[in-house]
Structures are given as C-alpha cells and as structure tokens.
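Listed here are the chains, written in short residue letters.
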Amino acid sequence: MDLGSVIGLVLTLALLFGAMLMGVGIGPYIDVPSILIVFGGTIGTLLIGFKMETMKSFAKIFMVAIKPPANDPKAMISKLVEFSTKARKDGILALEGDITNEENEFLKKGLGMAIDGNEPDIIRELLEIDLEQMQERHAINQSLFGQLAGFAGAMGMIGTLIGLVAMLLNMADPAAIGPAMAVALLTTMYGAMLGNIIGGPIENILGIRSKDEVLLKSLIIEGIMSIQAGDNPRVLEAKLLSFLPPNERQSQFD
C-alpha cells in the first residue's frame, strides 16, 4: 500500500468535506441532476473512447495507484548478483532450480531462455518486445485517467450551460431560478473535483509506477545478459547499480 497516495486522497477529501460542513453542511452540495450530468456523462464518454476490456479494468488500474506492485531494484540487483556468482561457479544450468520458484515472471522467462541456450540477441529482442508492449498497455491505462480529467471538466461546463439555459428560461419564476443555478454551479464543482482529485493525480502516479517497472525490467534484461555472458559478479553489480541514483549505489562487496 502506498501511504502517500492514500494519505493524499483522504486528506484532500477530508479537507474539502470539512470545509463544506463548516459552512452550510453537505446537503446543499448534493444535486442529483448535476451528479447525473457529470458522472454519467463522463462514464459515457469514456465508454465511447476506450475499449470495453479497458473499462472493465478501471478499478484494477485505479488500485495500481494505491497499491503498486512490488518493485525493489536493490533487492533485484542482489538476487542477480547471487545468480551470477552461482552461474560463474557451477555453470548457468545450476540456476534451473532457482527459477522454478521465482515469483518475477519477467526474470523467470529471461533466465529460462538463457538456461535453454538461446542466443543473447534473441533473448534481448524477446524481452525488449515484452517491455515495449507493457509500456503500450501502461500508456493506455494512463490516458484513461487523463481523459477522465478532461471529460469531467467538459461535462461540468456542459452542465453549467444547461443550468444557465434553464435559469434564463424561467426568469419570471423566482422559485425555478434557485434549482437551475444549483445545477449550473454544482456541475462545475463536481467536474473540477472529479478531474483534479481523481483523474489528473491518478494519471500522474500511474506514469511514475510505469517508469519504476520499466527500470526494474531494464535492469533484469542487463542482468540476464551479463549472467549469460559469464561476467564477473562485481562487473555485473557495477553495471546494474548504474541504474540507481548515486546516493543508492551501495555495493554488497564493500
């Protein structure tokens, strides 16, 4: 669980609703027509713009922002150095037992191909294709929330126009002006909240999660190539540590 994302979301909502309660309460801020226009309209436009399988994964994609997959580059470097040391001592076939219970499927796939004796160029090419396809999927997932932010804001403006038209048509009836004005203002508020609390921030954090996973997989590719080439474990570690920021490059051989 990413505490930063959870705390940020909870804090933002708590402060907003707290400010409402300190004013006139939550009740005046609830308007069914405005909710239908903004939330219903946003969902509808997303359904138009994205494949159904992407929409079905909406909740799953959202949870990646809150509970990202475990990506620990330092632990992966230590594991690859351990594999390299074992392969240098006993041969790469000695790693066959280690990959049987390996949880990282990308590492398992790459090492499996190396153990099977595939050419280095073939292994790198296949792993890089896997990496590129992952990036494509992540880009679509990010754009889902980016578009949500844009559509929510647009639906808020459309709702405002609907409310203003209703208000202008009923200027002679003072009782009708209030509800129409509520639709006009609250749709803008709902659109702004949905876009700026959910859409934009989730798109941004998904981009960060994607970069973290790309880093880990790039590191794995280089590690597998070095193991297959029979590089010295110290050389392999130095190569992999270069993927990390300078202040995190702590060698286990020191």
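Scroll up to find the structure this text is about.
It should be emphasised that the depicted structure is a prediction, and the values quoted were computed from it without experimental measurement. (Residues numbered from 1 in each chain as written. Predicted model: local features only at pLDDT ≥ 70, side-chain atom pairs only at ≥ 80, totals over all residues. Heavy atoms only, no water.)

Caption draft 1: Spotlight on the nonpolar core. Within the largest apolar cluster, 30 residues are counted, with the highest numbers of intra-cluster contacts made by Leu80, Leu107, Leu111, Ile224 and Ile227. When residues in this core are grouped by element, the largest group, eight residues, is from helix 9 (residues 174–229). When residues no more than four places from it in sequence are discounted, the contact partners of Ile224 are Leu107, Gly110, Leu111, Ala114, Ile123 and Leu127. One finds Leu46, Phe62, Leu148 and Leu186 within the second-largest nonpolar core, a separate group that totals 18 residues. (Core = buried A, V, L, I, M, F, W, Y, C linked by side-chain atoms within 4.5 Å. Buried < 20%, exposed > 50% of the residue type's maximum accessible area, 1.4 Å probe, protein only. Helix = DSSP H or I, 4+ residues; strand = E, 2+ residues; numbered from the N terminus. Contact = heavy atoms within 4.5 Å.)

Caption draft 2: Spatial organisation of the packing of helix 2 (residues 32–49) against helix 8 (residues 120–169). Across the interface, helix 2 lies against helix 8 with an axial gap of 8 Å and an inter-helix angle of 135°. As the angle between them shows, helix 2 and helix 8 are arranged oblique. As for the relative orientation of helix 2 and helix 8, their crossing is right-handed in sense. Along the contact surface, helix 2 presents Ile37, Val38, Gly41, Thr42, Thr45 and Leu46, while helix 8 presents Leu144, Gln147, Leu148, Phe151, Ala152, Met155, Gly156, Gly159 and Ile162. Classifying every residue of the contact of helix 2 with helix 8 by side-chain character gives nine nonpolar, six polar and no charged. (Axes fitted to C-alpha atoms, helices over the stretch in contact; angles between N-to-C directions. Parallel < 35°, antiparallel > 145°, perpendicular 65-115°, else oblique. Left-handed = near helix turned anticlockwise from the far one by under 90°. Nonpolar A, V, L, I, M, F, W, Y, C, P; charged D, E, K, R; others polar.)

Caption draft 3: Examining the side chain of Ser5 more closely. Along the chain, Ser5 turns up in helix 1 (residues 3–22). Polar contacts involving the side chain of Ser5 include one to the main-chain carbonyl oxygen of Ala65, which spans 3.4 Å. Once you skip the residues sitting within four places of it in the chain, Ser5 turns out to touch Ala65, Ile66, Ile205 and Arg209. (Polar contact = N/O pair within 3.5 Å; in protein donor to acceptor, adjacent residues only side chain to side chain.)

Caption draft 4: Representation of helix 7 (residues 105–115). Judged by how many residues are buried, helix 7 sits mostly within the fold: eight of 11 residues are covered. The set of residues buried in helix 7 consists of Phe106, Leu107, Gly110, Leu111, Gly112, Met113, Ala114 and Ile115. Near the N-terminus of helix 7, the side chain that reaches the backbone nitrogen of Phe106, with its oxygen 3.1 Å away, is that of Asn104. Two residues or fewer after helix 7 comes Gly117, characterised by a positive phi angle close to 90°.

Caption draft 5: Inspection of helix 10 (residues 233–241) at higher detail. Taken together, the buried positions of helix 10 are occupied by Pro233, Leu236, Glu237, Leu240 and Leu241. Around the axis of helix 10, the buried residues are gathered within 125° of arc, so they sit on the same side. At the N-terminal end of helix 10, a side-chain oxygen is found 2.8 Å from the backbone nitrogen of Arg234, two or three residues along, and the residue is Asn232. (Arc of directions from axis to C-beta.)

Caption draft 6: The arrangement of the packing of aromatic side chains in detail. Throughout the structure, instances matching the rule amount to three aromatic pairs. Geometrically, the ring pair formed by Phe62 and Phe145 is tilted, given 6.5 Å between the ring centres and 35° between the ring planes. Note that Phe62 is positioned in helix 4 (residues 58–66) and Phe145 in helix 8, a separation of 83 residues in sequence. Here the two residues Phe62 and Phe145 agree in accessibility, since each one is buried. In textbook terms, an aromatic cluster arises when at least three aromatic residues are bridged by ring pairs, as seen for Phe58, Phe62 and Phe145. (Phe/Tyr/Trp six-rings, centres within 6.5 Å; stacked < 30°, edge-to-face > 60°.)

Everything listed is a geometric property; what it means functionally is a separate question.
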